[in-house]
Amino acid sequence: MFNDIGALELLTLVVLAVLVFGPEKLPKVIQDVTRTIRKIREFSDSAKEDIRSELGPQFKDFEFEDLNPKTYIRKQLTNGDDELGLKEIRESFDLRKEMAEVTDAVNGRESAPSTAAAASGAAGAPDLLKKPAQPAKDERPPFDADAT
C-alpha cells in the first residue's frame, strides 16, 4: 500500500501527525485508523465473496483483478494453451537482427541472409531488398489500370 513512500516522507508524516494530534492523542488516533482500515478490508472481502457466490460455479476462478484490461489481456496472451502460436512468433522475432538487415540494405552493404529471409526466398517469394532489373530501352513498363 505504501511501497512508494521513502524515509523522508515517512518522517515528515510522523512529525506532522505529532504536531496535529499531539503526543497524548496520537496512539488513540493510530488505533482508530487501523481499526477503520481493517473494517474496510473485511467489508471488501465479504463483498467479493458474495459476488463470487452469486455468480455461480462457472465463475469460480473469476478474479476482480481481471477487470483491469492490462491484466486481462496479459492473462489471455500468456495462457497455457497456445492455440494462436504466439509463443513461436515471440521467439522467432528478433528486432535487432531485422533492424541490422534493413540498415545494411539501406547502406548498400551485404548482410548474412537470415533464416526467415532464406525460408521466404526458398518459398518463391520475391526478395524485396533486391533492386528490380532495369527494363530494356525498347520495352515499355507494365501498365496497371488500377494504379492510375
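A quick note: this is a predicted structure, and the numbers were derived from the prediction, not measured. (Residues numbered from 1 in each chain as written. Predicted model: local features only at pLDDT ≥ 70, side-chain atom pairs only at ≥ 80, totals over all residues. Heavy atoms only, no water.)

A.B. asks: Could you give an account of the confidence of the model for the protein, naming the residues involved and the relevant values?
C.D. replies: With 73% of its residues at a pLDDT of 70 or more, the protein shows a mean pLDDT of 77. Averaged over each element, pLDDT in the protein is lowest for helix H5 (residues 115–122) (48) and highest for helix H1 (residues 7–55) (91). Long-range and interchain partners of residues 115–122, a stretch whose pLDDT sits below 50, account for 2 contacts in this model, where long-range means more than four residues apart. (pLDDT = per-residue confidence, 0-100. Helix = DSSP H or I, 4+ residues; strand = E, 2+ residues; numbered from the N terminus. Contact = heavy atoms within 4.5 Å.)

A.B. asks: Break down the pattern of salt bridges for me, citing the residues and quoting the values.
C.D. replies: Across all of its chains, the model carries 4 salt bridges by this definition. Several salt bridges share partner residues, and in doing so they unite Lys 28, Asp 32 and Arg 35 into one network. (Salt bridge = Lys/Arg side-chain N within 4 Å of Asp/Glu carboxyl O.)

A.B. asks: So what's going on with H1? Which residues, and what values?
C.D. replies: The end-to-end C-alpha distance of H1 is 44 Å, clearly below the 72 Å that 49 residues give at a rise of 1.5 Å each. Directly after H1, the chain includes Gly 56, whose backbone phi takes a positive value near 100°. (Expected span 1.5 Å × (residues − 1).)

A.B. asks: Which residues make up a nonpolar patch on the surface, and what values do they have?
C.D. replies: A cluster of nonpolar side chains, contributed by Leu 8, Leu 11, Val 15, Leu 16, Leu 19, Val 20 and Phe 21, occupies part of the molecular surface with about 730 Å² of accessible area. For Val 15, the location among the structural elements is in helix H1. Residue classification places Val 15 among the partly exposed positions, given a relative accessible area of 43%. (Patch = residues over 30% accessible without salt bridge, like charges linked within 9 Å, V, L, I, M, F, W, Y side chains within 5 Å. Areas by Shrake-Rupley, 256 points an atom, 1.4 Å probe, with all protein chains shown as cover. Buried < 20%, exposed > 50% of the residue type's maximum accessible area, 1.4 Å probe, protein only.)

A.B. asks: Which residues make up the side chain of Arg 52, and what values go with them?
C.D. replies: Counting through the fold element by element, Arg 52 comes out in helix H1. Of the polar contacts made by the side chain of Arg 52, one reaches the side chain of Glu 49; its length is 3.3 Å. Of note is the side chain of Arg 52, whose polar atom sits 3.4 Å from the side chain of Glu 63. Apart from residues lying up to four places away in sequence, Arg 52 is in contact with Phe 62, Glu 63 and Phe 64. (Polar contact = N/O pair within 3.5 Å; in protein donor to acceptor, adjacent residues only side chain to side chain.)

A.B. asks: Account for helix H4 (residues 95–107), naming residues and giving values.
C.D. replies: Over its 13 residues, H4 runs 18 Å from end to end, which matches the ideal 18 Å to within 8%, given 1.5 Å per residue. At the exit of H4 stands Gly 108, carrying a positive phi of roughly 80°.

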